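A closer look at the structure
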Amino acid sequence: MTSTQTRLRDVKRPRVVRIVTLLCTLVTVWHIFATFLWISPPTQIRTLVPGNLLTSYMIPFFGQSWSVFAPEPINGDLILKVRAEVEKDGKLSTTDWVDATAVELAMSHHNLFPPRAANLGTQQAMEYKNSFDALTPAQQRVAGLGYYKGTDWEKRLSTSITNLAATPAAKTYLEKERHTLAYATQVARAVWGKDVVHVQFQASRQNVIPFAERNNPEAKKPALQIVNTGWRGTYEYPQQDEGAFADVFLPALKDVTGK
Amino acid sequence: MSSTESTPTVLGRVRNVVSAIFRDVPKALAVTVLAFLTWLEGWLLNSKKATYGVAVARIGLSIAALGILASNFSTRLYTWGAGGAWSGDVANPRADFPHIWFLSAFQLVRESPVAFTILYLFVGVLAVLVLVGYRVRIVMPIFLILWISLVELQTMIGDQGDNMFRIAFIALLFTDAGKRWSFDARRRARRETRGSLFVRAWRGSRILPKWSTNLSHNLAVIALACQICMVYVSGALFKSGGLPWQNGYAIYAPLHTQRFGTWPELSTLFTTWGPLVAALSVGSVLFQVIFAGALLNKWTRRMVLLAMLSFHAGIGLLMGLPWFSLTMVAVDAIFIRDTTWAGLVQWVKTKSRERRLIEDSVDIPQRREAAPEPVEEPEPQLVP
């Protein structure tokens with residue numbers, strides 16, 4: 001008993017060493033506690049941390065989320081198809097659909113070290129579809145209409161959607177639509193060139209064959225859940241480098257179609 | 001008769017015991033707490049723990065970084081540069097990092113393919129320097145700053161491996177990550193430099209007193225160990241709420257999506273036989289949930305670390321996430337004790353010497369067991 005008590009006293013450490021050790025240990029304990037609160041689902045323990053301290057400590061450097069593939073892992077594919085109206089000699093013609101997600105994903109198939117580029121379209125399709133699903137049925141019908149005439153089509157579309165319900169979901173949708181359209185414009189220009197005047201994209205989701213049916217050769221994938229978006233004018237961000245997009249997309253397209 | 005006589009004695013005994021409890025238990029508690037603090041103080045200040053594990057984490061993370069840089073090189077402008085401006089991120093990045101001035105280097109050069117590529121290659125050079133442990137005290141912070149600046153340009157296609165990489169690497173900055181298996185270690189072993197602060201920093205010589213660097217190293221190792229445990233255990237708990245995990249078929253669906261089924265033939269191979277699907281699904285939850293507790297015993301620790309290694313090998317190969325997997329495996333290395341790593345080094349040295357002697361067809365002199373690399377303390381167990 002006394003031997004242990006004297007041991008701590010026997011270990012001669014300057015007071016400053018002990019104070020620094022204590023302070024650094026307390027900082028570490030706080031860090032671990034904050035990480036614990038951040039990683040776990042929110043509980044009342046979080047109220048022990050005053051105000052916004054937890055978020056401002058964790059974000060951005062210790063930002064993380066480990067509910068990956070939980071509670072239910074992803075069970076379907078997101079698909080983004082693009083087609084265009086091309087003007088040649090004053091005549092408009094409609095192209096076939098190009099499955100942009102399939103083109104990108106081909107870069108990762110049978111590849112031990114897939115590039116992240118393979119998932120861009122898939123992720124965009126998911127974000128777009130989620131934002132579409134959050135719209136009201138009336139807004140979804142508007143999104144399905146064509147907006148491409150004149151130069152103010154984007155403004156007209158935005159007004160039509162927000163007039164029905166000026167919700168955060170509507171704002172998110174318009175933002176996701178602009179990004180998806182900008183992506184579709186790049187795909188269209190890469191594939192059909194400068195003559196593209198209008199584009200249309202179609203996001204859809206198709207779930208995998210259910211687990212119970214996996215060994216049944218007759219089994220078919222569940223039906224496509226299609227999001228219909230109308231025709232749009234083209235949209236390009238001023239920072240966009242078309243060549244850098246086409247340099248990756250076209251070779252991948254060639255791999256898929258052989259053309 | 002006898003019972004009435006003995007009653008006061010029993011009561012007296014009980015009273016004695018109760019008063020002894022009130023007298024001795026607090027004392028015993030105080031002694032225990034004091035003993036623990038003494039032990040903890042020694043553990044934190046006397047030597048660095050998990051020095052090989054930290055070196056393996058440094059090496060593994062730098063290989064993951066090089067892997068990410070290499071596998072995305074031909075598509076770098078499409079993913080992060082001006083080819084991907086359609087996502088609106090070039091105009092206004094969604095992530096917080098590119099808005100922080102010291103993490104904005106790649107954001108600044110994003111629209112220039114040449115400058116972007118030069119900086120991209122420079123990060124690759126820094127990753128090689130981290131890998132070989134060249135002046136890590138200076139190189140590692142610069143590498144991390146540029147690394148975050150690059151991978152956080154496009155959060156759409158990032159994964160949790162990026163977060164683990166960043167958090168683990170921040171922890172490594174507080175450790176002596178160049179102590180083992182590095183050019184820094186060789187230089188330090190040759191000579192201890194005196195001179196200005198900059199000279200000592202450059203040559204990797206001591207700047208701060210030993211106790212303070214031990215403290216910083218060990219606390220960082222503890223923080224990283226807790227981080228990893230929380231990631232695994234929480235991952236399991238989040239999964240356990242889902243029917244596909246409970247019913248043992250959760251790994252099936254992702255392996256049959258286009259995105260996470262990069263080898264469709266292997267996906268079919270691993271998901272055709274139901275019991276295997278169930279074993280892998282349920283097994284991954286169970287091993288994750290017992291992770292922290294299993295570390296406490298030598299045999300369960302080996303078992304759970306091997307299980308996580310296989311789990312990540314599976315994810316890396318079957319789901320097309322090799323660099324995520326390598327990141328996770330690299331940080332798990334801190335749970336392997338220094339004596340184990342040192343033993344491994346010794347084994348490799350002995351074997352290579354034997355081979356050399358045989359190849360040279362020289363008479364094998366009486367083999368002397370080389371002294372094992374010094375491990376500073378006989379109790380390098382990471383988890384207290």
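Residues numbered from 1 in each chain as written. Chains lettered and ligands numbered in written order. Predicted model: local features only at pLDDT ≥ 70, side-chain atom pairs only at ≥ 80, totals over all residues.

Of regular secondary structure, chain B possesses 17 helices and zero strands. For 384 residues, the compact-globule estimate of 2.2 N^0.38 gives 21 Å, and the C-alpha radius of gyration of chain B, at 27 Å, exceeds that figure by more than 25%. With the principal axes as the frame, chain B shows a C-alpha extent of 105 × 60 × 55 Å. Taking all 384 residues of chain B together, 42% fall into the buried category. Here the analysis covers contacts within chain B between residues at least 6 apart in sequence; of these, 75% occur between residues at least 24 apart. (Helix = DSSP H or I, 4+ residues; strand = E, 2+ residues; numbered from the N terminus. Rg over C-alpha atoms; globule rule 2.2 N^0.38 Å. Buried ≥ 20, exposed ≤ 12 C-beta atoms within 10 Å, placed from the backbone. Contact = placed C-beta atoms within 7 Å.)

In this section: the overall build of chain A. When helices and strands are counted, chain A shows nine helices and six strands. The globule rule puts the C-alpha radius of gyration for 259 residues at 18 Å, and the 27 Å found for chain A is more than 25% above it. Counting only C-alpha atoms and orienting by the principal axes, one finds that chain A spans roughly 100 × 50 × 40 Å. A total of 259 residues make up chain A; the buried ones form 34% of that total. Intrachain contacts of chain A at a sequence separation of at least 6 include 63% that bridge at least 24 residues.

Moving on, we come to the packing of helix H7 (residues 160-173) of chain B against helix H16 (residues 322-332) of chain B. To characterise two packed helices, one gives the angle between the axes of the helices and the distance between these axes. Residues and elements named next belong to chain B. Between H7 and H16, the shortest axis-to-axis distance is 9 Å and the interhelical angle comes to 35°. Crossing handedness for the pair H7 and H16: left-handed. Residue-level contacts link Gly161, Met164, Phe165 and Ala168 of H7 to Trp323, Phe324, Thr327, Met328 and Val331 of H16. (Axes fitted to C-alpha atoms, helices over the stretch in contact; angles between N-to-C directions. Left-handed = near helix turned anticlockwise from the far one by under 90°.)

Another aspect to go through is the environment of Val231(B). Take Val231(B): it is sitting in helix H10 (residues 210-240). Along the primary structure Val231(B) and Val289(B) are separated by 58 residues, whereas in three dimensions their C-alpha atoms are 9.8 Å apart. Excluding anything up to four places from it in sequence, Val231(B) contacts Ile39(A) and Trp66(A).

Right, let's talk about the domain arrangement of chain B for a bit. Interface extent is often summarised as the accessible area lost during association of the parts. According to the domain assignment, chain B contains domain 1 (16-45) and domain 2 (48-207). A separation of 46 Å is found between the C-alpha centroids of domain 1 of chain B and domain 2 of chain B. (Domains from an automatic or database assignment.)

Turning our eyes to something else, we now look at the pairing of strand E2 (residues 91-94) of chain A. Residue and element names in this part refer to chain A. Sheet topology note: the strand E1 (residues 76-88)/E2 ladder contains four bridges and is antiparallel. Bridge pairing in E2 links glutamate 87 to leucine 92. Between the antiparallel neighbours E1 and E2 lie two residues, among them aspartate 89 with a positive phi of about 50°. (Pairing = 2+ DSSP bridges.)

This part takes up helix H5 (residues 113-132) of chain B. All names here are of chain B. The terminal C-alpha atoms of H5 lie 29 Å apart, and with 20 residues this matches the ideal 28 Å at 1.5 Å per residue to within 8%. All of the buried residues in H5 are Phe116, Tyr120, Val123, Leu126, Ala127 and Val130. Axial view of H5: buried residues confined to an arc of 120°, hence all on one face. Among the exposed residues of H5, those pointing more than 90 degrees away from its buried face are Val114, Ile118, Leu121 and Val125. (Expected span 1.5 Å × (residues − 1). Arc of directions from axis to C-beta.)

We now examine helix H2 (residues 15-39) of chain A. For H2(A), spanning 25 residues, the distance from its first C-alpha to its last is 36 Å, which sits close to the expected 36 Å at 1.5 Å a residue. If you check which residues of H2(A) are buried, you get Thr21(A), Thr28(A), His31(A), Thr35(A), Trp38(A) and Ile39(A).

Residue and element names in this part refer to chain B. Following both chains from N to C, one finds helix H2 (residues 51-71) and helix H17 (residues 338-359) inclined at 75°, their axes separated by 7 Å at the closest point. Judged on the interaxial angle alone, H17 and H2 are roughly perpendicular. Side by side, H2 and H17 meet where Thr51, Tyr52 and Gly53 of the first sit next to Asp338, Trp341 and Ala342 of the second. The residue inventory of the contact of H2 with H17, partitioned by class, reads three nonpolar, two polar and one charged. (Parallel < 35°, antiparallel > 145°, perpendicular 65-115°, else oblique. Nonpolar A, V, L, I, M, F, W, Y, C, P; charged D, E, K, R; others polar.)

With that settled, the discussion passes to unusual backbone geometry. All names here are of chain A. Backbone torsion omega between isoleucine 59 and proline 60 reads 5°, so that peptide bond is classified as cis. Counting through the fold element by element, proline 60 comes out in the loop between helix H3 (53-58) and E1. A positive phi angle, near 50°, is found at aspartate 89, a position not held by glycine. Along the chain, aspartate 89 falls in the loop between E1 and E2.

Segmenting chain A into domains produces domain 1 (2-58) and domain 2 (76-257). With centres defined by C-alpha atoms, the gap from domain 1 of chain A to domain 2 of chain A works out at 50 Å.

Residue and element names in this part refer to chain A. With eleven bridges joining them, E1 and strand E4 (residues 196-207) adopt antiparallel strand pairing. By the bridge assignment, valine 82 is partnered in E4 with phenylalanine 201. Pairing between E1 and strand E3 (residues 98-99): two bridges, direction antiparallel. Counterpart to lysine 81 in the pairing with E3 is aspartate 99.

Here we come to the confidence of the model for chain A. Atom-level detail of predicted coordinates should not be read off regions where pLDDT is low. Residue and element names in this part refer to chain A. Taken over all residues, the pLDDT of chain A has a mean of 94, while the share at 70 or more is 96%. Put simply, helix H1 (residues 2-10) is where chain A has its lowest mean pLDDT, 52, and helix H4 (residues 100-105) is where it has its highest, 98. Every residue in residues 1-6 scores below 50 in pLDDT, and together they form seven contacts with partners more than four places removed in sequence or on other chains. (pLDDT = per-residue confidence, 0-100.)

Among the nonpolar cores identified, the biggest contains 143 residues, and Val187(A), Ala57(B), Ala168(B), Leu224(B), Val331(B) and Ile334(B) are the most heavily contacted of them. If you tally residues by element for this core, the top one is H10(B), at 14 residues. Ignoring sequence-local partners within four residues, the contact set of Val187(A) consists of Val82(A), Val98(A), Ala100(A) and Phe249(A). (Core = buried A, V, L, I, M, F, W, Y, C linked by C-beta atoms within 7 Å.)

Moving on: the interface of chain A and chain B. Taken together, the 67 residues of chain A in the interface contact 69 residues of chain B. Every element with two or more residues in the side of chain A that touches chain B is listed here: H1, H2, E1, helix H5 (120-133), helix H8 (168-192) and helix H9 (242-257) of chain A. No other element matches H2(A), which puts eleven residues into the side of chain A that touches chain B. By residue class, the composition of the side of chain A that touches chain B is 35 nonpolar, 26 polar and six charged.

Residues and elements named next belong to chain B. Looking at chain B, pLDDT values average 91 and 91% of them are 70 or higher. Below pLDDT 50 for its whole length, residues 377-384 participates in 19 contacts with residues either more than four positions away or in separate chains. Across the assembled chains, the prediction reports ipTM 0.94 with pTM 0.91.

Position of Val345(B) among the secondary structure elements: in helix H17. Val345(B) sits in the partly exposed class, given 15 other C-beta atoms within 10 Å.

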